[in-house]
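Here's the letter readout for the chains.
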Amino acid sequence: MNIYDVSKKAGVSIATVSRVLNGNDKVSEKTRQKVLSVIEECSYTPNAFARGLGLNTMNTIGVMCADSSYPYQAKAIYYMEQNLRVNGYDCILCCTGDELERKKECMELLLTKKVDAIILVGSSFVYDKKSDNKYIVDAAKQIPVMILNADMDASNVYCVITDDVKSMEEAGKYLLKDSKEEILYLYNAHSNSGKRKIQGFKSACKKSGIPIGENRIRYFNGYHEDIPMVAEFLDEIAKEGISFRSILCSDDALAMGALRYAWEHELKVPEDLQVIGYGDSMLVNCCNPGLTSVDTKEEVMCQTLVDSLLQILQGKEIPQKQVFHGNLVLRGTTK
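Given the structure is predicted, the values throughout are model-derived calculations rather than measurements.

**Points about the pattern of salt bridges**
Opposite charge on two side chains allows them to pair when their charged atoms are near. By the definition in use, this model includes 19 salt bridges. When the shortest N-O distance is used, the salt bridge between Lys335 and Asp178 registers 3.3 Å. Here Lys335 is found in the segment after strand E12 (327–329), whereas its partner Asp178 is found in helix H8 (residues 164–179), with 157 residues between them in sequence. Note on Lys335: relative accessible area 49%, which makes it partly exposed. For the salt bridge of Glu240 with Arg218, the shortest nitrogen-to-oxygen distance reads 2.9 Å. Taken as a pair, Glu240 in the loop between helix H10 (227–239) and strand E8 (246–249) and Arg218 in strand E7 (residues 217–219) lie far apart in primary sequence, 22 residues in all.

Listed below in structure tokens is the structure:
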């Protein structure tokens, strides 16, 4: 079955079939429905596409993430794709990397695919400079844009976020009550979420009445899963003369690197060194003792985001921002 067969069976010209396929409004509703019926009946195009032509929807959601190998983003994509599929929606995934221009290109690509909405997974899509967020604002003028774990105020942009400030503040205060000044904060991202976590750590220090210098807030400029390199980085910090009895990490992979450092230096955990991760990922059970970590409620957040998107597509009003508070899950790497 091709376009010529469709035109013959529907009793219209090839040009008319083409207009229907391209959504051209210069076709009467009666003729449009006739062509769509033939398309549906003969499966000239995928059924979802044929239905979309008639309903002004493709039943498809665009999903953008920076790095699908990152555990948080990989799980989020899985949770959302499963929930969307149950509700009759397919997904188109774009892995953008960290460059802004590539993110803009992917956004444009998804818009040309006529997706019903776009989901941005992770906080790296939102920038401090407002002009850098124009690609999101412009897309939201056409379709809803959902953002997981980043805060942005714009029309038709909806955010589901973890309160990283309060969550990290809670974890920091737990370590500070024992470690005092001998604490180290380790992070590896300058993203929207990454900055909120640093803010939370500084808040914990302030509320605990413990002055912490910037030399105890350290950025690991390497791949997040390179655990041996994290351990080597901590060794270099120790050689600078900076002592630490606890390490608070911005994600679980960094925390695993801290535990490797402890093992390499024959430090007892948690007696000699306490470690807390962030994300409560599968990594928490990949070490002995188990890793204390902040549960960010990722699965619940993803379910909430999809539920919210479905309501938006049904024309319902929802809050533009929904905030979840993480819980500190205590295991064997802390006292």
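Resuming the write-up.
**A few points about the nonpolar core**
Grouped together as the largest cluster of nonpolar side chains are 26 residues, with contacts concentrated most on Met80, Ile119, Val121 and Leu148. At the level of elements, strand E1 (60–65), helix H5 (71–86), strand E3 (117–121), strand E4 (145–148), strand E5 (157–162) and helix H12 (298–313) are the ones that each hand at least two residues to this core. Here the element with the most residues in this core is H12; it accounts for 7 residues. Setting aside residues up to four positions removed in sequence, Leu148 forms contacts with Tyr72, Ala76, Met80, Leu120, Val121, Gly122, Ser123, Val160, Met301, Cys302 and Leu305.

**Some thoughts on the confidence of the model for the protein chain**
Residues with a pLDDT of 70 or more make up 93% of the protein chain, whose mean pLDDT is 91. Confidence drops under pLDDT 50 across residues 46–55; counting only partners more than four residues distant or on other chains, this segment forms 16 contacts.

Definitions and limits used
- Residues numbered from 1 in each chain as written.
- Predicted model: local features only at pLDDT ≥ 70, side-chain atom pairs only at ≥ 80, totals over all residues.
- Heavy atoms only, no water.
- Salt bridge = Lys/Arg side-chain N within 4 Å of Asp/Glu carboxyl O.
- Helix = DSSP H or I, 4+ residues; strand = E, 2+ residues; numbered from the N terminus.
- Buried < 20%, exposed > 50% of the residue type's maximum accessible area, 1.4 Å probe, protein only.
- Core = buried A, V, L, I, M, F, W, Y, C linked by side-chain atoms within 4.5 Å.
- Contact = heavy atoms within 4.5 Å.
- pLDDT = per-residue confidence, 0-100.

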